[in-house]
Amino acid sequence: MKRLICIIGNKGGTGKTSITHMLCHGFGLLGMRSIAVLTDTSREPLARGDRRYTPIDGRSPDKLEKIIAKLESMPEWLGVIDGGGNRPEMDSQLYEVSDLVLLPFRDSHEDIRTVRNDLDAFPEAYGIPSQWPTNAWQQMTAERSLDELMQDYRPRLLDPVYAVSASKLLLESQVPPSLPTMLNNVCRGLARQVLERLELPEEES
Ligand SMILES: Nc1ncnc2c1ncn2[C@@H]1O[C@H](COP(=O)(O)OP(=O)(O)O)[C@@H](O)[C@H]1O
Ligand SMILES: [Mg+2]
């Protein structure tokens, strides 16, 4: 089964951690079970609390290896690995073991430059526009930079994950039991397009 996703990329602040949690939350809304695996040693692990998915601490290579092995024996679970920036070697290892690799990037020339390098280094990975503007004017400008700088990579880009300020709620230690509809919709949409790429059926509950 294809159930291991990793969110990597060489640049920090592109939205890896947010997308990891948004994706897992989206899976939860679709009635699917998932784990969000922390690998960034500069972040603290989060508890499950009222989340619809389980955060897991995979910061040591030993633990990470065990988590990945364990996932193979749990076919009904999806695993999402949150990478950390500036770790090309770790990114290469995660790329090798994953079924789907996502490279988030924001609407900035700096992010786009980095993601182009990452897309070249990881030929099976997909770019995913992150914190994408919702304002029509800014969106047009962002689309224009994609046309100018990412034209050759267009077939490898997923639909954008829009900027939703409530996404930060998922990164807090206590997640409220009910989250804003806007956030839920973005998370569900993200989960659906990932399932499509993995060729997994949606198990809406
Ligand atoms: N879709 C989004 N909408 C609004 N803010 C976002 C979104 N994605 C990320 N952010 C914010 O951007 C910052 C960096 O995101 P983060 O997920 O921590 O990136 P990374 O893990 O790549 O370093 C955080 O403050 C986060 O809350
Ligand atoms: Mg992070």
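Up top is the structure.
Quick notes on the rules
Residues numbered from 1 in each chain as written. Chains lettered and ligands numbered in written order. Predicted model: local features only at pLDDT ≥ 70, side-chain atom pairs only at ≥ 80, totals over all residues. Heavy atoms only, no water. Helix = DSSP H or I, 4+ residues; strand = E, 2+ residues; numbered from the N terminus. Rg over C-alpha atoms; globule rule 2.2 N^0.38 Å. Buried < 20%, exposed > 50% of the residue type's maximum accessible area, 1.4 Å probe, protein only. Contact = heavy atoms within 4.5 Å. Areas by Shrake-Rupley, 256 points an atom, 1.4 Å probe, with all protein chains shown as cover. Near = heavy atom within 4 Å. Polar contact = N/O pair within 3.5 Å; in protein donor to acceptor, adjacent residues only side chain to side chain. Nonpolar A, V, L, I, M, F, W, Y, C, P; charged D, E, K, R; others polar. Core = buried A, V, L, I, M, F, W, Y, C linked by side-chain atoms within 4.5 Å. Pairing = 2+ DSSP bridges. Axes fitted to C-alpha atoms, helices over the stretch in contact; angles between N-to-C directions. Lys, Arg positive; Asp, Glu negative; His and termini not counted. Salt bridge = Lys/Arg side-chain N within 4 Å of Asp/Glu carboxyl O.

In terms of regular secondary structure, the chain is built from six helices and six strands. When the helices and strands of the chain are placed in sequence order, the string is β-α-β-β-α-β-α-β-α-β-α-α. Taken over C-alpha atoms, the radius of gyration comes to 16 Å for the chain, in line with the 17 Å a tight globule of 205 residues would show. Along the first, second and third principal axes, the C-alpha set of the chain runs to 45 × 40 × 35 Å. Counting over 205 residues, the chain shows a buried share of 50%. Here the contacts in the chain between residues at least 6 apart in sequence split such that 73% fall between residues at least 24 apart. Accessible area of the chain: about 10200 Å², with a carbon and sulfur share of 48%.

Here we come to the site of ligand 1. Around ligand 1, the surrounding shell holds 13 residues, and the nearest of these are G13, K16, T17, S18 and V164. Between T14 and ligand 1, the recorded distance is 3.1 Å, taken from a backbone N or O atom to an oxygen atom. Contact distances for ligand 1 include 2.7 Å between an oxygen atom and a side-chain N or O atom of S18. Considering ligand 1 on its own, with 560 Å² of exposed area, one finds that the protein chains cover 75% of that surface. Partitioned by chemical class, the residues of the shell around ligand 1 number three nonpolar, eight polar and two charged.

If you look at the biggest cluster of nonpolar residues, it comprises 33 residues, and the most contacted ones within it are I5, M22, L23, F27, L102 and V194. With eight residues, the top contributor of residues to this core is helix α6 (residues 181-198). With residues near it in sequence (within four places) discarded, I5 still touches L23, F27, L78, G79, V80, I81, S98, L100, L102, V194 and L198. Residues I35, I68, L119 and M150 belong to the second largest nonpolar core, which totals 28 residues.

By secondary structure assignment, the location of E72 is in helix α2 (residues 61-72). You can call E72 exposed: its relative accessible area is 68%. Considering only alpha carbons, one finds E72 and L119, 47 residues apart in sequence, at a separation of 27 Å.

A separate point is the sheet that holds strand β1 (residues 4-7). If you trace the six strands from one edge of the open sheet to the other, you get β3-β2-β4-β1-β5-β6, paired in parallel fashion. Of all the strands in the sheet, just β3 (54-57) and β6 (126-129) have a single pairing partner and so form its edges. Averaged over neighbouring strand pairs, the angle between their axes works out to 25° when direction is ignored. Sheet topology note: the strand β2 (residues 33-38)/strand β4 (residues 77-82) ladder contains six bridges and is parallel. Its bridge partner lying in β4, I35 is registered against G79. Relative to strand β5 (residues 100-105), helix α4 (residues 109-121) is tilted by about 160°, and along the sheet it contacts β5 and β6.

Our next topic: the side chain of D40. By the element assignment, D40 lies in the loop between β2 and β3. Although buried, D40 forms no salt bridge, and the nearest oppositely charged side chain, R87, lies 5.4 Å from it. Separated by 2.7 Å, the side chains of D40 and S42 make a polar contact. Leave out the neighbours within four places in its chain, and D40 touches R59, D82, G83, G84 and R87.

Here the focus is the pattern of salt bridges. This structure, assessed with the given rule, holds eleven salt bridges. Linking E44 and R59 is a salt bridge whose minimum nitrogen-to-oxygen distance equals 3.9 Å. In this pair, E44 is assigned in the loop between β2 and β3 and R59 in the loop between β3 and α2, connecting sequence segments 15 residues apart. The class for E44 is exposed, based on a relative accessible area of 61%. Salt-bridge contacts for D111 lead to R106; the nearest nitrogen and oxygen are separated by 2.9 Å. R106 gets classed as partly exposed once you look at its relative accessible area, which sits at 24%. One network of salt bridges, in which partners are shared, links E44, D57, R59 and K63.

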